[in-house]
Protein chains: 2
Amino acid sequence: MKKLKRSARLVEMTQYLLFRPHTLIPLTTFAERYSSAKSSISEDLAIIKEVFEDEGLGELHTLAGAAGGVKFIPKVAKEASLSFVQDLCNQLEQPERVLPGGFLYMADIMGRPQVLNEIGKTFATAFAGRELDVVMTVETKGIPLAYATASFMNLPVVTVRRDSNATEGSAVSINYVSGSSKRIQTMSLARRTLQEGARVLIIDDFKRAGGTIQGMVDLLGEFKATVGGVGVFIESNEVEEELVKDYISLAKLTGVDSKTKQVTVVPGNYFDSE
Amino acid sequence: MKKLKRSARLVEMTQYLLFRPHTLIPLTTFAERYSSAKSSISEDLAIIKEVFEDEGLGELHTLAGAAGGVKFIPKVAKEASLSFVQDLCNQLEQPERVLPGGFLYMADIMGRPQVLNEIGKTFATAFAGRELDVVMTVETKGIPLAYATASFMNLPVVTVRRDSNATEGSAVSINYVSGSSKRIQTMSLARRTLQEGARVLIIDDFKRAGGTIQGMVDLLGEFKATVGGVGVFIESNEVEEELVKDYISLAKLTGVDSKTKQVTVVPGNYFDSE
């Protein structure tokens, strides 16, 4: 690559880092890329680091030494996430969202890439310190959330199917009881999608009693994989018995009245003061 | 926001633009954000524009006048997409991917956010010139592709369900004949997810004869919406009769031999010389 001026180099390095989260980039990579001295690169990184931190984009971790380099960890401040979630809660409380059966219409909100990016960044922040190999979700509505989270964590996604799907080869199936409907259901995961011993972050859009998530946890057992964390976008606290207790929620549905169309959605346990 | 030096401003503006594709940003937004003169902002944008173009990130369109501003259009050069797709084709041709029934295992590849980003950027480039309001896909495997594409185009996503789903309210269902299996299937879309007259980009992972895509086209008719484009990741040319003719494919499966495990995948029609 041609030798760049500092101004161009800053633009270049910014985009390079933003598109490679959780990836260690040796300083020599930048030095060679821009035919620049490592000292100049370090100065550039200091500038980028300051802006990223001021802007709430995340942290730049610098590791010294021969195996050193720089790593971009996307992070969003809790207050910023809270204000974003509070705005979503207000939207979700619109009476016209209440559907027959007490369901809440939210396909429009979950269809906006920017909303998913914010949710993904928040989960990536919440689970940034964990050792993780893969993000897992179950079809259908959890999929965009899982990918948004994974892209900020530089992790692959595996998708559990509701029915055994012929086009992914041999699969492991389990039966589980949906905690709210008490119906027996099946979920399956293609055998070769998950390695033994993988540490898995489970992401889903909605949790009532947690039967679906417990199903995914049981499925992980079949693969000798372990749960590294559980994140749900919205939990409903209208259940008596919670099957899954260790999870992070971004919002909490505390009431839906099909008759009065009144809905109450508040920030989830991620925002509880510790 | 505090007054920033040019170096910090360049980092800030770069990330601001990258996260807001296809969005017109008035120069005054930047001028106010950084307490800088518009002339300085214009100089910054010229630097960013050059790097974005050199790096193959996309174009910065500057619109002059009172309603003017700058718009970032993510674009990837066809040669870069081709080299990326060729690499994917090589991976897809690995004999161990051939599953019983002549299916190809590709869940691992489709689980990598970076792969999806590249595919999304390529579709966003291919359809950048069209007037579009929304990206549509059908569950399950097309979903990550649709979101990746939509995020580079700043469009919302609507997801067609394979079965009528109670939790999204009243829906329009249609029957369609899967061109390859000749079975009658049902797909449905929640009534309020799509506005009348919407111009829709259909994205899916796989196309044989095109029955599923034709189903989505028919469904759009029910909503008085129009097709603004069709993009499929892989098409199979093992069919006699093609139901859908106007589409862009990134790769083409020209043969799967279950016995010899031989697979042939080549770049799709997007790369045909015009």
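Residues numbered from 1 in each chain as written. Chains lettered and ligands numbered in written order. Predicted model: local features only at pLDDT ≥ 70, side-chain atom pairs only at ≥ 80, totals over all residues. Heavy atoms only, no water.

## Let's talk about the overall build of chain A
To keep it simple, the criterion reads: The numbering of helices and of strands both runs from the N terminus, where a helix is a DSSP run of H or I of at least 4 residues and a strand a run of E of at least 2. For every residue, the accessible area obtained with a 1.4 Å probe (protein chains only) is divided by the maximum for its type, and the residue is called buried under 20%, exposed over 50%, and partly exposed between those limits. The criterion used for residue contact is that any of the two residues' heavy atoms lie within 4.5 Å. All accessible areas in this document rest on Shrake-Rupley with a 1.4 Å probe, and a residue is counted as covered only by the protein chains that are shown. When charges are counted, Lys and Arg are positive and Asp and Glu negative, with His and the chain ends excluded. By convention, charge coordinates are those of NZ in Lys, CZ in Arg, CG in Asp, or CD in Glu.
When its secondary structure is counted, chain A shows eight helices and 10 strands. Per-residue burial for chain A yields a buried fraction of 54% across its 274 residues. Sequence-distant contacts in chain A: of pairs separated by 6 or more residues, those separated by 24 or more amount to 59%. Counting every atom, chain A has about 11,800 Å² of accessible surface; 48% of that belongs to carbon and sulfur. When the 31 basic and 34 acidic side-chain charges of chain A are each reduced to a single mean position, those positions are 5 Å apart.

## Brief notes about unusual backbone geometry
All names here are of chain A. With omega at 10°, the peptide bond leading from Glu-139 into Thr-140 counts as cis. Mapped onto the secondary structure, Thr-140 falls in the loop between strand S3 (134-138) and helix H7 (142-153). Of note, the phi angle at His-22 is positive, near 55°, even though the residue is not glycine.

## A few points about the pairing of strand S12 (residues 262-267) of chain B
Residues and elements named next belong to chain B. Keep this limit in mind: Two strands make a pair as long as DSSP finds a minimum of two bridges between them.
By the bridge criterion, six bridges tie strand S11 (residues 248-257) to S12 in an arrangement that is antiparallel. Its bridge partner being in S12, Gly-255 is matched across the sheet by Thr-264. Hairpin connection between S11 and S12: a loop of four residues separates the two successive antiparallel strands, and Lys-261 in this loop has a positive phi of roughly 60°.

## Considering the sheet that holds S3(A)
All names here are of chain A. Short version of the rule: Lines fitted to the C-alpha atoms define the axes, with helices restricted to the stretch that makes contact. Angles between their N-to-C directions range from 0 to 180 degrees.
Strand order in the open sheet formed by six strands is S4-S3-S7-S8-S9-S10, with mixed pairing between adjacent strands. Bordering the open sheet on either side are strand S4 (157-160) and strand S10 (262-267), each of which pairs with just one other strand. Within the sheet, the average angular offset between the axes of one strand and its neighbour, ignoring direction, is 25°. With three bridges joining them, S3 and strand S7 (residues 199-207) adopt parallel strand pairing. Considered in S7, the bridge of Met-136 is made with Ile-202. The strands touched by helix H4 (residues 78-92) within the sheet are strand S8 (226-236), strand S9 (248-257) and S10, with S10 carrying the most contacts at an inclination of about 175°.

## Regarding the interface of chain A and chain B
What counts is decided by this rule: Once two parts are put together, the accessible area they lose, assessed with a 1.4 Å probe and summed over both, is termed the buried area. Salt bridges are identified by distance alone: a Lys or Arg side-chain nitrogen within 4 Å of an Asp or Glu carboxyl oxygen.
The partner chain B presents 52 residues to the 53 residues of chain A that form the contact. Together, the buried faces of chain A and chain B total about 4,400 Å²; carbon and sulfur atoms form 65% of this surface. For the pair chain A and chain B, the interface holds two salt bridges. Residue Arg33(A) pairs with Glu55(B) through a salt bridge whose shortest N-O separation is 2.9 Å. Of all the elements in the fold, those that place two or more residues in the side of chain A that touches chain B are helix H1 (6-18), helix H3 (38-55), helix H5 (107-110), helix H6 (113-126), H7 and S4 of chain A. Here the side of chain A that touches chain B gets eight residues from one element, more than from any other, and that element is H1(A).

## Things to note about the relation of the copies chain A and chain B
This is how it is decided: Each copy is superposed on the other by least squares, with the fit set by C-alpha atoms of residues at a pLDDT of at least 70 in both.
Under the fitted operation, chain A is carried onto chain B by 0.0 Å of movement along the axis and a turn of 180°, and the coordinates agree to an RMSD of 0.0 Å. One copy is carried onto the other by what is essentially a two-fold rotation axis. Both copies share a contact surface, since 98% of the interface residues of chain A are interface residues in chain B too.

## A short note on the packing of H3(A) against helix H1 (residues 6-18) of chain B
The following threshold applies: When an angle is under 35 degrees it counts as roughly parallel; over 145 it counts as roughly antiparallel; between 65 and 115 it counts as roughly perpendicular; any other value is oblique. Here is the rule for handedness: rotate from the far helix to the near one, and if that takes an anticlockwise turn smaller than a right angle the crossing is left-handed, while a clockwise turn gives right-handed. Gly falls in the polar group here, along with every residue not listed as nonpolar (Ala, Val, Leu, Ile, Met, Phe, Trp, Tyr, Cys, Pro) or charged (Asp, Glu, Lys, Arg).
The interhelical angle for the contact between H3(A) and H1(B), taken along N-to-C directions, is 55°, at an axis separation of 9 Å. It follows from the interaxial angle that H3(A) and H1(B) lie oblique. Of the two elements, H3(A) crosses H1(B), and the hand of that crossing is right-handed. Of H1(B), the residues touching H3(A) (which contributes Ile47(A), Ile48(A), Val51(A), Phe52(A) and Glu55(A)) are Ser7(B), Ala8(B), Val11(B), Glu12(B) and Gln15(B). Among the residues making up the contact of H3(A) with H1(B), the classes are represented as six nonpolar, two polar and two charged.

## Section: the side chain of Thr149(A)
All names here are of chain A. Rules: Polar contacts here mean pairs of N or O atoms no more than 3.5 Å apart (in protein, one a potential hydrogen donor and the other a potential acceptor; neighbouring residues in sequence count only if both atoms are side-chain atoms).
Note that Thr-149 resides in helix H7. Of note is the side chain of Thr-149, whose polar atom sits 2.8 Å from the backbone oxygen of Leu-145. Contact partners of Thr-149, with chain neighbours within four places excluded, come to Gly-120, Phe-123, Ala-124, Leu-201 and Ile-203.

## Considering the packing of H7(A) against helix H7 (residues 142-153) of chain B
Across the interface, H7(A) lies against H7(B) with an axial gap of 9 Å and an inter-helix angle of 55°. Considering the angle they form, H7(A) stands oblique to H7(B). The hand of the H7(A)/H7(B) crossing is right-handed. The segment H7(A) lies against H7(B), with Ile143(A), Pro144(A) and Tyr147(A) engaging Ile143(B), Pro144(B) and Tyr147(B). The residue inventory of the contact of H7(A) with H7(B), partitioned by class, reads six nonpolar, no polar and no charged.

## Thoughts on the side chain of Thr193(A)
Considering the arrangement of structural elements, one finds Thr193(A) in the loop between strand S6 (184-190) and S7. There is a polar contact of 2.6 Å between the side chain of Thr193(A) and the backbone oxygen of Ala190(A).

## A few points about the nonpolar core
Nonpolar side chains in soluble globular proteins tend to be buried together. Selection criterion: To define a nonpolar core, start from buried Ala, Val, Leu, Ile, Met, Phe, Trp, Tyr and Cys residues and group those joined through side-chain atoms within 4.5 Å.
Counting 84 residues, the largest nonpolar core has Ile119(A), Phe233(A), Ile119(B) and Phe233(B) as the members making the most contacts within it. Not counting residues up to four positions away in its chain, the partners in contact with Phe233(A) are Leu88(A), Met106(A), Met110(A), Ile119(A), Phe123(A), Leu145(A), Asp204(A), Asp205(A), Ser249(A), Leu250(A) and Ala251(A). Counting residues in each nonpolar core, the second largest holds 44 residues, with Leu45(A), Tyr34(B), Ile41(B) and Leu57(B) among its members.

## A few points about the UniProt feature "domain: Bacterial purine repressor N-terminal" (unreviewed entry) in chain A
Quick note on the threshold: UniProt positions are given in the numbering used here, feature names are shortened, and annotations may be inferred rather than shown by experiment.
Under the feature "domain: Bacterial purine repressor N-terminal" (unreviewed entry), the UniProt entry names residues 5-74 of chain A. The distance from the first to the last C-alpha atom of residues 5-74 of chain A is 27 Å, and the span holds 54% helix and 17% strand.

## A look at the domain arrangement of chain A
Residue and element names in this part refer to chain A. Test applied: Each domain's extent was defined by an automatic or database domain assignment.
The assigned domain composition of chain A is domain 1 (6-74) and domain 2 (78-271). Once you take the C-alpha centre of each, domain 1 and domain 2 turn out to be 33 Å apart. Facing the five residues of domain 1 at the interface are six residues of domain 2. Taken together, the two surfaces of domain 1 and domain 2 that pack against each other cover about 500 Å², and 55% of this comes from carbon and sulfur. Of all residues in domain 1, Pro-21, His-22 and Pro-74 bury the most surface against domain 2, accounting for 78% of the area lost on that side.

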